[in-house]
Amino acid sequence: MEGLDFSKGDGLIPAIIQDEATSKVLMLGFMNEEALSRTRAEGKVTFFSRTKNRLWTKGETSGNFFFVKDIIADCDKDTLLVKVNPLGPACHTGADTCFNEVNADGISFLNNLTSIIQDRHNNPSDKSYTSSLFEKGINKVAQKVGEEAVEVVIEAKDDNQELFLNESADLLFHLMILLEAKGNKLDDVVDILKQRHNK
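Residues numbered from 1 in each chain as written. Predicted model: local features only at pLDDT ≥ 70, side-chain atom pairs only at ≥ 80, totals over all residues. Heavy atoms only, no water.

The protein has the name Histidine biosynthesis bifunctional protein HisIE in an unreviewed UniProt entry, where Imperialibacter roseus is given as its organism. We quote the UniProt Subcellular location (unreviewed entry) comment for the protein here in full: "Cytoplasm". (UniProt positions renumbered as here; feature names shortened; annotations may be inferred.)

So this is what it looks like as structure tokens:
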């Protein structure tokens, strides 16, 4: 991304943060060239905080990171649109966005969950069930998917809706872990469904 104009804002450029899945605007921050460079290198949004007068990675204390999906400059090259998968609420108040809008639907939550699973894979934690599955290897992860699939079938034959939905959630969760272990995402499966639908 060449030719960005940082001069209009005394070395800072506005960065509009948008949820890639829902297209909701989450917040507005500012980046200098160093913040933009770190954002690109680490894949997590880093701002220049005018209050703290330093670089600030969103989520560095809360854990509510913005995982970068795309960065686009506007036509004047003086504003950025940063599309992200947010890990948790955007606002320090706990609201979904800094404009107090709700940013929730099933698809966006699955995108958030994908990001969490990916983070547990890349940054293992001794306290994380998900990390422990990755550590046990692909065979264990695949076995869990099989076990949960059997549970779904068993509950489907009964009339307990709550148990059926809980087992379905377990199956989907473990399938998402398996996809990550194989280097894929739920989006890859969705793409295949789209291709089939268009035939």
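For the rest of this paragraph, the subject is the pairing of strand 4 (residues 54-57). Looking at chain direction, strand 3 (residues 46-49) and strand 4 are connected through 4 bridges and run antiparallel. Counted as the bridge partner of F48 is L55 from strand 4. Hairpin remark: strand 3 followed by strand 4, antiparallel, with 4 residues in the connecting loop; positive phi at N53, about 60 degrees. (Pairing = 2+ DSSP bridges. Helix = DSSP H or I, 4+ residues; strand = E, 2+ residues; numbered from the N terminus.)

The next subject is empty space enclosed by the protein. With the rule as written, the count across this model stands at 1 cavity of 30 Å³ or more. Considered as a void within the structure, the largest cavity measures approximately 40 Å³ in volume. In terms of lining, the largest cavity is formed by T114, I117, M176, L179, E180, N184, K185 and L186. Those elements that place two or more of their residues in the lining of the largest cavity are helix 2 (106-122) and helix 5 (161-181). Considering every element that reaches the lining of the largest cavity, the biggest residue donor is helix 5, with 3 residues. Considered class by class, the residues forming the lining of the largest cavity number 4 nonpolar, 2 polar and 2 charged. (1 Å grid on protein atoms, 1.4 Å probe; cavity = no way out; pocket = protein on both sides within 12 Å on 5 of 7 lines; lining within 4 Å. Points joined across faces, edges and corners; volume = space filled by probe spheres on them. Nonpolar A, V, L, I, M, F, W, Y, C, P; charged D, E, K, R; others polar.)

Glancing now at the pattern of salt bridges. Tallying each qualifying case throughout the model produces 6 salt bridges. Residue E60 pairs with R54 through a salt bridge whose shortest N-O separation is 3.0 Å. Overall, E60 belongs to the partly exposed group, its relative accessible area being 37%. Among the ionic pairs, D119 bridges to R120, the shortest N-O distance being 3.5 Å. Here D119 falls in the buried class, since its relative accessible area comes to 15%. Each of K144, E147 and E148 takes part in a single network of salt bridges with overlapping partners. (Salt bridge = Lys/Arg side-chain N within 4 Å of Asp/Glu carboxyl O. Buried < 20%, exposed > 50% of the residue type's maximum accessible area, 1.4 Å probe, protein only.)

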